[in-house]
Amino acid sequence: GTESTSSSLIVAGDAPLAYVKRSNAMSINPTDGTPSAPGGDLMVRESSSASAKEHNLTAQFTQGKGDASDPEVSYDGKRIVFAMKCPTSNTSTFKNASNADVPACTGRWNIWEYDMTGAALTAGKFSRITSSTDHDDVDPAYLPGSQGFVFSSNRQTKSSPNQALGRQYFALDEYERERVLNLHTMDAAGANIQQISFNQSHDRNPVVRPNGDIMFARWEHVADRNRFAIFRVKPDGTDMFVLYGAQSPGNSFLHPRDMDPSGPYKGFVSSSLMPLSRTQEGGALMIIDAANYPEHNTPANTTVPASGGQVQGTQQALSTGMGLSLLGRLTTPYPLWDGTDRVLVAWQPCQVTRNGAVVSCTSLTAEERALLNDRNRLAADQANDAVQDNAPATYAIYMFDSVKQTWLIVAAPPVGFMYTDPVAIASRAEPATIAPTAVDAALAAQGLATIEVRSIYDTDGLNRMAEQMLVTADRANCPTGAPGIAVKAPTDPMDTRPMVADLARIKNPADAAYRCTPVRFVRATRAVAPPSSTMGLRSAIGDTEFEMQQILGYAQVEPDGSFKLEVPADVPLALAIIDSKGRAFQTHTNWIQVRPGERRTCDGCHSPRRGAALNDVAMANTLPAGLKASMVAQHAPGETMAALRMRLEKMVDPLAMRLKPDMVFTDVWADTNVAGVAARPSISLRYTGNPNPADDLATLAPVNGVVNYPDHIQPLWTRDRGPNTCTSSSCHDGLDRTDGLRLVDLRRGIGGSGRLTSYQRLVEGDPDVDANGNPRVRIEDGVPVIQRRGALVNSSSGAANTAGIARKSRLTEVMFGENLFAPGSVRDYYRDPGSPHPRHATLLNAAEKRLLAEWMDLGGQYYNDPFTTGTSVRSVTALSQTTFETQVFPILRSTCAAGCHQAIGTDPTIPTGQTFAENRFVLTGSPEGDYNVTLSMISDTCAAASNSLLSRPSTMPHPAGATTQTAAVLPAGSAGYNAIATWIASGCVP
């Protein structure tokens, strides 16, 4: 075949292609942002035909020892940007900008460009855009207007020197596995690198939409919320928001791209949809109507059908979950923009191994298929099966016609490799160029930004921050039988919600609804990222799915539900709405960000909206007679109550919009001189300095918003309260009782985990037993495990629309004397001996209750600062990653990774309580990630046997509560145990 030139890139009606050849010996998962294995290269094919000539462009650099990924073609079709990694031992060189020969390889992933301008397809020129020797740069895409590139990188340009609590370090993801990949931009020469996203786990696969926005896949991993959704953001990092999939069926939406903007699928997005692990990053092709459905079956307005959002693009139903996908799996779709609605894809058939040999799934018997799909079988039994679902990936490149539903093979890989990431080398319409967002220069200079929410009562119709989040105790100030939040039918004809908050009543001091709602504050928290290269982290975090957090402070929520505050820019933030007693209505399960000087305004909480803003200009200008005349007289058109109040207060105090350390509320709105008007009660929830000194903390108060269980919560139980001391005789003293009450041991003893016994008893539920007293057992990932009752502290994140942690924990109900959202079974099991008038409700004072609620709402961590004295977290100085990869990694893969220790994400279609339990020691087969997470299980290199990495699998039962075990998973003295112990001991420095 004749090679194409830049002026005629179309061959036989189809464009030439670029894709990558990669070794199928490595494991690839959504959680693994930078996997690599020797043998990868960038390939081009002269046309989209199996008979067309194929060329290896990068073998001259990789020399069979490197890897390549993520090609993207420029809008004029003349350049390819991609990522490449090769070892420094390679002899390869390239010509730099000065035409000098320089070494090509740095040992890390770097961004490269291949320029075919004025040249044949294989006669282009290479240039290396980034040259990092200690960071990884991947997933590049062209910005429009010759502005350079957007890419994903673990260099963490802005966040690494600006971690919480004044720390500087590189952050790991929320599995403590890999350095977090965030989005960055740079100019065409690789200069002016700017970090534009600030997630706690990976942001992957950025591309530019026709409107100039950047679309990408974001790993949202806050506690038991664990999935990839599709996000969008402006190139300067402002206005970041979810585009689709935060609450939709499936787990990981990866590789999002716009369908042809000139075709019938204009506004639609293609994506692959897969589980979080175990499928070599393969799933189904989804076609998503993101313009009309922010979530599946959730129309944007009343003109859109109720059903819709996402459909599989193929008539063949490919699996989006774990287990067999009998019709194969698909990855990295690339829609062509040529009017044909064709999509380039990488697809592999269903294959398994039978007695070690790879065979097609078509050869499976019905019984074998059933066994492979049965997750309720014991892992030991599965390991003995002749047939295993562990065949290596064999992705080939196909041209899929979404209209004709035809598949044409384009490129098949050689044995031992896979082909992925196909892109067409053809010109396409260049996206719009977006001007940078106007920002407040004064705020930007201080590293701050503004967040304004017009009304927290303006919710998305998905059961958040609405009436169903309230209980009887929240309606103490309501007329008998009245709801806590006044509602009405929406007046906007485009609004899809049946009922919305009646803001006119809620903000009217002459209406009972004014005093009825319990909302008073907003709490801002900041993620404390897991440090890279540290040991003992998992033990310091404790028995919770949450990572560490820091409370930044509080602000008042005004009667119309608005708030306006200044927050740190370029950090991962969470906001929670707080009741009058300091407890969050809901736990925030994603991280938000604002750029320096950005003025971020939201209509309400938990967008996207359905219809117009409730607190629009007309509503904001509705000023009830019961409001103070002095406030009304200064109101500017369209101002929310928060905007008005902050504008006035900033005239007196320039720092008025800063977060406050305490929850203090005074009603400045209600004119009590008007008949029928009553103000909302004042609130003061301080650690010290409360109106009544008896409400102050008598124990250690948190500093810088860091709540540590041993330092701040344990002293509440042991504080001398005379006869009401929690750990006094016959109470929570750890002794057995004869009256059937289950009293938690709250003494300051150390348990088998190395943590305080009281902590374990509060956050770990008792075994569940049947009527005969026998423990109930279920299979979790192949292991029979004793089921546990709900714990006193429910550390679920609330990903399934449930209440904040404090408000759904029995411990809160007991200590506040209120029934909130604890499950009835937990309430019955942990009953208060003083019911129906709980005696615990008066034991803690207001500050102590505030502190206890804060600890629970943060996630119930043991420590919230990895560098606090006593955490046992320390930097790694001597544990060799090379030794790990050669001697320890194979043991963990065969012993642990094949069973329980896999990444299992969340899917909103699976009912709460029916998903497998999370396991934070997650092994995926990525050497670097498995090394880092293994370090989190080691806290004392001079006592190898004491570390969780060895003590847990060498004892029975493992996991805790497992049954039918006759031997330890990793017996002490075994070859595997000794190899791991030797590696741990190598780091001991006496």
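As the structure is a computational prediction, the values presented were derived from the model and not from experiment.

Asks: Describe the overall build of the protein chain, and please don't skip the residues or the numbers.
Replies: When helices and strands are counted, the protein chain shows 19 helices and 43 strands. Rg of the C-alpha trace for the protein chain: 29 Å, near the compact-globule value of 30 Å for 990 residues, within the 12% margin. Within the protein chain, buried positions represent 58% of all 990 residues. If you take every contact in the protein chain between residues at least 6 apart in sequence, the share linking residues at least 24 apart comes to 66%.

Asks: An account of the sheet that holds strand 29 (residues 417-424) is needed here, citing residue identities and associated values.
Replies: Overall, antiparallel pairing links the four strands, which are arranged 3-2-1-29 in an open sheet. Edge strands, defined here as strands with exactly one partner in the open sheet, are strand 3 (54-56) and strand 29. Strand-to-strand twist of the sheet, defined as the mean angle between neighbouring strand axes without regard to direction, takes the value 30°. The pairing of strand 1 (residues 17-23) with strand 2 (residues 41-45) spans five bridges and is antiparallel. Bridge pairing links Leu17 to Arg45 in strand 2.

Asks: Can you explain the environment of Arg329? Please cite residues and give values.
Replies: Among the structural elements, Arg329 can be located in strand 22 (residues 329-335). Given a relative accessible area of 7%, Arg329 falls into the buried group. Residues Arg329 and Leu273 lie 56 residues apart in sequence; the distance between their C-alpha atoms is 9.9 Å. Within polar-contact distance, the side chain of Arg329 engages the backbone oxygen of Gly321 at 2.6 Å.

Asks: So, the confidence of the model for the protein chain: which residues are in play, and what are the values?
Replies: The predicted model of the protein chain averages 91 in pLDDT, with 92% of residues at 70 or higher. Here residues 1-12 is a poorly scored stretch, pLDDT under 50, and it has 30 contacts once near neighbours within four places are set aside; other chains count.

Asks: Account for the state of the cysteines, with residues named and values stated.
Replies: For the structure shown, the criterion picks out four disulfides. Disulfide pairing is shown between Cys86 and Cys105; the S-S distance is 2.0 Å. Disulfide Cys86 to Cys105: torsion about the S-S bond roughly -100°, handedness left-handed. Linking Cys86 in the loop between strand 5 (79-85) and strand 6 (93-95) with Cys105 in the loop between strand 7 (101-103) and strand 8 (110-115), this pair joins segments that are 19 residues apart in sequence. Take Cys105: its relative accessible area is 8%, and that puts it in the buried class. With cysteine numbering restricted to those in disulfides and following the sequence, the protein chain has the pairing 1-2, 3-4, 5-6, 7-8. Looking at the unpaired Cys731, the closest cysteine sulfur is the one in Cys726, lying at 8.0 Å.

Asks: Any details on the packing of aromatic side chains? Residues and values, ideally.
Replies: Per the counting criterion, the structure on display carries 29 aromatic pairs. Judged by centre distance (6.2 Å) and plane angle (20°), the rings of Tyr709 and Tyr862 are stacked. With a gap of 153 residues between them, Tyr709 in helix 11 (residues 709-718) and Tyr862 in the loop between helix 15 (846-858) and strand 43 (874-875) connect regions that are remote in the sequence. On the basis of relative accessibility, which here comes to 0%, the residue Tyr709 falls in the buried class. Among the residues examined, Tyr862 registers a relative accessible area of 6% and is labelled buried. Relative to Trp983, the ring of Phe884 lies with its centre 5.4 Å away and its plane at 50°, an arrangement referred to as tilted. Highlighted residues: Phe884 in helix 16 (residues 881-897) and Trp983 in helix 19 (residues 975-985), separated in sequence by 99 residues. Taken as a pair, Phe884 and Trp983 share a single burial class, namely buried.

Asks: Can you explain the pattern of salt bridges? Please cite residues and give values.
Replies: Going through the model one piece at a time under the given rule, you end up with 47 salt bridges. A salt bridge links Asp474 to Arg807, with the nearest nitrogen and oxygen atoms 2.6 Å apart. One end of the pair, Asp474, is in the loop between strand 30 (448-453) and strand 31 (487-488); the other, Arg807, is in the loop between strand 42 (783-786) and helix 13 (810-816), and 333 residues separate them in sequence. Arg807 carries the same exposure label as Asp474, and that label is buried. When salt bridges that share partners are traced, they join Asp474, Asp579, Lys581, Arg583, Arg807 and Glu818 into one network.

Asks: Which residues make up the sheet that holds strand 24 (residues 351-354), and what values go with them?
Replies: Strand order across the open sheet formed by three strands is 25-24-26, with antiparallel pairing between neighbours. The open sheet terminates on both sides in strands that have one partner only, identified here as strand 25 (357-360) and strand 26 (387-388). Two strands pair when backbone bridges link them, and strand 24 and strand 26 are joined in this way by two bridges, in the antiparallel orientation. In the sheet register, Arg354 faces strand 26, and the bridge partner there is Val387.

Asks: Could you give an account of the environment of Glu368, naming the residues involved and the relevant values?
Replies: Looking at where Glu368 falls in the secondary structure, it is placed in helix 2 (residues 366-373). When the C-alpha positions of Glu368 and Ile578 are compared, they lie 53 Å apart, and in sequence the two are 210 residues distant. Excluding residues that lie within four positions of it along the chain, Glu368 makes contacts with Arg354, Ser363 and Val387.

Asks: Provide a residue-level description of the side chain of Glu818, including the pertinent values.
Replies: Locating Glu818 in the fold gives a position in the loop between helix 13 and helix 14 (824-829). There is a polar contact of 2.2 Å between the side chain of Glu818 and the side chain of Lys581. A polar contact is formed between the side chain of Glu818 and the side chain of Arg583, at a distance of 2.9 Å. Discounting residues that sit within four places of it in the chain, Glu818 has contacts with Ala473, Lys581, Arg583 and Glu813.

Asks: How would you sum up the nonpolar core? Please name residues and give values.
Replies: Tyr709, Ile713, Trp717, Leu762, Leu811, Leu852 and Trp855 are the most contacted members of the largest nonpolar core, which totals 62 residues. With sequence-adjacent residues up to four places away left out, Ile713 is seen in contact with Val707, Asn708, Leu851, Leu852 and Trp855. In this structure, Phe82, Leu121, Phe126 and Ala346 belong to the second largest nonpolar core, which totals 44 residues.

Asks: Explain the side chain of Gln405 residue by residue, including any values.
Replies: Relative to the helices and strands, Gln405 is located in the loop between strand 27 (396-401) and strand 28 (406-411). A distance of 2.9 Å separates the side chain of Gln405 from the backbone oxygen of Gly313, its partner in a polar contact. What Gln405 contacts, discounting residues up to four positions off in sequence, is Gly313, Thr314, Gln315, Gln316 and Phe400.

Asks: Tell me about helix 17 (residues 927-935), residues and numbers included.
Replies: Here helix 17 lies mainly inside the structure; seven of its nine residues are buried. Among all positions in helix 17, only Gly929, Asp930, Tyr931, Asn932, Val933, Thr934 and Leu935 are buried.

Asks: Lay out unusual backbone geometry with the relevant residues and their values.
Replies: Trans is the common state for peptide bonds, and a negative phi is the common state for residues other than glycine. With a phi close to 55°, Ser146 is a non-glycine residue in the positive phi region. Inspection of the secondary structure puts Ser146 in the loop between strand 10 (137-143) and strand 11 (148-153). Here Glu281, not a glycine, exhibits a phi torsion of approximately 55°, which is positive. Tracing the backbone shows Glu281 in the loop between strand 19 (269-274) and strand 20 (284-288).

Asks: Account for the pairing of strand 38 (residues 599-602), naming residues and giving values.
Replies: Only one face of strand 38 is covered, namely the one carrying Arg600 and Cys602; the face carrying Arg599 and Thr601 has none of its residues buried. Relative to strand 38, strand 30 runs parallel, the two sharing four bridges. Within the sheet, the bridge partner assigned to Thr450 lies in strand 38 and is Arg599.

Asks: Give a description of the packing of helix 11 against helix 15 that names residues and reports values.
Replies: Working note: a packed helix pair is described by the angle between its axes plus the distance between those axes. One way to put it is that helix 11 packs onto helix 15 with a least axis distance of 11 Å and a crossing angle of 135°. Relative to helix 15, the element helix 11 is oriented oblique. For the pair helix 11 and helix 15, the sense of crossing is left-handed. For the pair helix 11 and helix 15, the contacting residues are Tyr709, His712, Ile713, Leu716 and Trp717 in the first and Glu848, Leu851, Leu852 and Trp855 in the second.

Procedures and definitions
Residues numbered from 1 in each chain as written. Predicted model: local features only at pLDDT ≥ 70, side-chain atom pairs only at ≥ 80, totals over all residues. Heavy atoms only, no water. Helix = DSSP H or I, 4+ residues; strand = E, 2+ residues; numbered from the N terminus. Rg over C-alpha atoms; globule rule 2.2 N^0.38 Å. Buried < 20%, exposed > 50% of the residue type's maximum accessible area, 1.4 Å probe, protein only. Contact = heavy atoms within 4.5 Å. Pairing = 2+ DSSP bridges. Axes fitted to C-alpha atoms, helices over the stretch in contact; angles between N-to-C directions. Polar contact = N/O pair within 3.5 Å; in protein donor to acceptor, adjacent residues only side chain to side chain. pLDDT = per-residue confidence, 0-100. Disulfide = S-S within 2.5 Å. Phe/Tyr/Trp six-rings, centres within 6.5 Å; stacked < 30°, edge-to-face > 60°. Salt bridge = Lys/Arg side-chain N within 4 Å of Asp/Glu carboxyl O. Core = buried A, V, L, I, M, F, W, Y, C linked by side-chain atoms within 4.5 Å. Parallel < 35°, antiparallel > 145°, perpendicular 65-115°, else oblique. Left-handed = near helix turned anticlockwise from the far one by under 90°.

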